[in-house]
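Summary of the model geometry
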Amino acid sequence: MKKGVIILGSSNSKGETSQLVSYINGQTDFDIVDLKTKNIAEFDYEFKNQEDDFLPLIKTIVESYDTILFATPVYWYTMSGIMKTFFDRISDCLKIEKETGRKLRGMNMAVISCGSDHILKEGFHMPFKESANYLGMNYLADVHGWLEDGEIPTTVKQKLGDFVTSLN
Ligand SMILES: Cc1cc2nc3c(=O)[nH]c(=O)nc-3n(C[C@H](O)[C@H](O)[C@H](O)COP(=O)(O)O)c2cc1C
């Protein structure tokens, strides 16, 4: 049976978003991919970046998992640049890697965000939801968390627990 993968898109592999991801992973058996450790260039109209880590990564994801959890810090009210680059590169799957793109169809998507504010601005999830819609993926759920004095507060732990339950 296929399972879920968490794509961590923080500029800090051991930062606050990664702490939320570790907490969620204590309750699941999802794998984690840290985009910070990958060499993924921005989208190129001439696809001169085909030899970087994106295509092998997305191929593994569509073959091995049925759910993708995007975990991103909130940077300037939106997803991180690393995460946005990953989304931009999904365009490769619509142009030069169509078979892989087709396999995204029917997969599930969920979003974990981490910010210093406790509330996200309206529209934060729109790019995820619309991308899921465009790609034929099912948008399952999202959760927003934050840390206080380096710890995950009880309210956030509850939200993360509810989020994990909603994925089943
Ligand atoms: C470049 C940058 C921009 C940020 N913009 C926001 C923001 O718009 N809203 C917010 O709530 N927090 C913002 N923050 C705070 C981070 O979202 C917060 O500290 C988060 O927990 C960092 O996660 P990380 O350790 O995985 O990077 C920003 C932080 C950085 C570095």
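Conventions adopted
Residues numbered from 1 in each chain as written. Predicted model: local features only at pLDDT ≥ 70, side-chain atom pairs only at ≥ 80, totals over all residues. Heavy atoms only, no water. Near = heavy atom within 4 Å. Polar contact = N/O pair within 3.5 Å; in protein donor to acceptor, adjacent residues only side chain to side chain. Nonpolar A, V, L, I, M, F, W, Y, C, P; charged D, E, K, R; others polar. Pairing = 2+ DSSP bridges. Helix = DSSP H or I, 4+ residues; strand = E, 2+ residues; numbered from the N terminus. Axes fitted to C-alpha atoms, helices over the stretch in contact; angles between N-to-C directions. Contact = heavy atoms within 4.5 Å. Phe/Tyr/Trp six-rings, centres within 6.5 Å; stacked < 30°, edge-to-face > 60°. Buried < 20%, exposed > 50% of the residue type's maximum accessible area, 1.4 Å probe, protein only. Salt bridge = Lys/Arg side-chain N within 4 Å of Asp/Glu carboxyl O.

With respect to the site of the ligand
- Residues in contact with the ligand amount to 13 residues; listed here are only the nearest, Ser10, Glu16, Thr17, Val74 and Tyr75.
- A distance of 2.7 Å separates an oxygen atom of the ligand from a polar side-chain atom of Thr17.
- Cys114 is positioned with one of its backbone polar atoms (N or O) 3.4 Å from an oxygen atom of the ligand.
- When grouped by side-chain class, the residues that make up the shell around the ligand number six nonpolar, five polar and two charged.

With respect to the sheet that holds strand E4 (residues 108-114)
- On the basis of which strands lie adjacent, the open sheet formed by five strands has the order E2-E1-E3-E4-E5 and parallel pairing. Edge positions in the sheet fall to strand E2 (31-34) and strand E5 (138-145), since each has one partner strand and no second. The mean angle between the axes of side-by-side strands here comes to 20 degrees, regardless of whether they run parallel or antiparallel.
- Summarising the sheet, E4 and E5 pair through seven bridges and their orientation is parallel. What sits directly across from Val111, in E5, is Asp142.
- This element, helix H6 (residues 126-135), spans strand E3 (65-73), E4 and E5 of the sheet and lies at about 165 degrees to E5.

Observations regarding the packing of aromatic side chains
- Throughout the structure, instances matching the rule amount to nine aromatic pairs.
- Between Trp76 and Tyr77, the ring centres sit 6.3 Å apart and the planes meet at 70 degrees, which makes this aromatic pair edge-to-face. Of the two residues, Trp76 and Tyr77, neither departs from the other in class, the shared state being exposed.
- Seen from their ring centres, Phe87 and Phe128 are 5.5 Å apart, and the 85 degrees between their planes marks the pair as edge-to-face. You can see Phe87 sitting in helix H3 (residues 81-90) and its partner Phe128 sitting in helix H6, a full 41 residues away along the chain.
- Taking the relative accessible area as the measure of exposure, Phe128 reaches 0% and is therefore buried.
- Chaining the aromatic ring pairs together yields one cluster made of Phe54, Phe70, Phe86, Phe87, Phe124 and Phe128.

Notes on the pattern of salt bridges
- Summed over all chains, the structure comprises eight salt bridges.
- Residues Lys48 and Glu46 are paired through a salt bridge, measuring 2.8 Å at the closest nitrogen-oxygen approach. Take Lys48 and Glu46: they sit in the same class, and that class is exposed.
- The shortest N-O distance in the salt bridge between Asp88 and Lys84 comes to 2.8 Å. Here Asp88 and its partner Lys84 are both found in helix H3, four residues apart, which amounts to about one turn of the helix.
- Overall, the relative accessible area of 40% leaves Lys84 in the partly exposed class.

Overview of the pairing of E4
- Of all seven residues making up E4, seven are buried, and the element is well covered by its neighbours.
- Of the two faces of E4, the one carrying Asn108, Ala110, Ile112 and Cys114 and the one carrying Met109, Val111 and Ser113 are both buried.
- Looking at chain direction, E3 and E4 are connected through seven bridges and run parallel. Residue pairing for E4: Thr72 is matched across the bridge by Ser113.

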